[in-house]
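# Summary of structural features
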Amino acid sequence: MTLISTLNKADGSILRTYKNCKTGDIVHTLRYEIGGKGIGVKTIHCDSRENPYKIIDAAKNRYDVYEKTKDGSTVLKSNGKVTSFPNLIFNTVCERIFGK
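Just so it is clear, the model here is predicted, and its values are computed rather than measured. (Residues numbered from 1 in each chain as written. Predicted model: local features only at pLDDT ≥ 70, side-chain atom pairs only at ≥ 80, totals over all residues. Heavy atoms only, no water.)

## Here's the deal with helix H1 (residues 90-98)
- Of the positions making up H1, those classed as buried are Phe 90, Val 93, Cys 94, Ile 97 and Phe 98. Relative to the axis of H1, the buried residues are bounded by an arc of 105 degrees and lie together on one face. (Buried < 20%, exposed > 50% of the residue type's maximum accessible area, 1.4 Å probe, protein only. Helix = DSSP H or I, 4+ residues; strand = E, 2+ residues; numbered from the N terminus. Arc of directions from axis to C-beta.)

Dropping the structure here:
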């Protein structure tokens, strides 16, 4: 993965964008830090056309994975449970988490 860009946001978080040289896939990471220690990271995986398909939201005691289904809805995998949200459009989740 090659680092493409880094953006320091006003809230103290750091948004980094990476590109896979072989496949062209894009990964955005949003990292939160307090006092130089990481307290959480959100990662969005996109294909080579910037279409998101997976979000990982990780913190100290939490690891949530949101995945896009073929119909565009969202599936959440958290604590060994799988929850389907048929009315929640995956791209809306991306916009809320990353403000994109």
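## Structural notes on the pairing of strand S7 (residues 73-78)
- Buried residues dominate S7, accounting for 5 of its 6 residues.
- In this structure, strand S6 (residues 62-68) lies alongside S7, joined through 5 bridges in antiparallel fashion. The residue bridging Asp 64 from the neighbouring strand is Ser 78, located in S7.
- Hairpin geometry of S6 and S7 is characterised by an intervening segment of 4 residues between the two adjacent antiparallel strands and by a positive phi of about 95 degrees at Gly 72.
- The pairing of S7 with strand S8 (residues 81-89) spans 6 bridges and is antiparallel. When the sheet's bridge partners are listed, Lys 77 is paired in S8 with Val 82.
- Counting the residues in the hairpin turn of S7 and S8 gives 2 residues, including Asn 79, whose phi is positive at 50 degrees. (Pairing = 2+ DSSP bridges.)

That is the geometry; function is a separate question.
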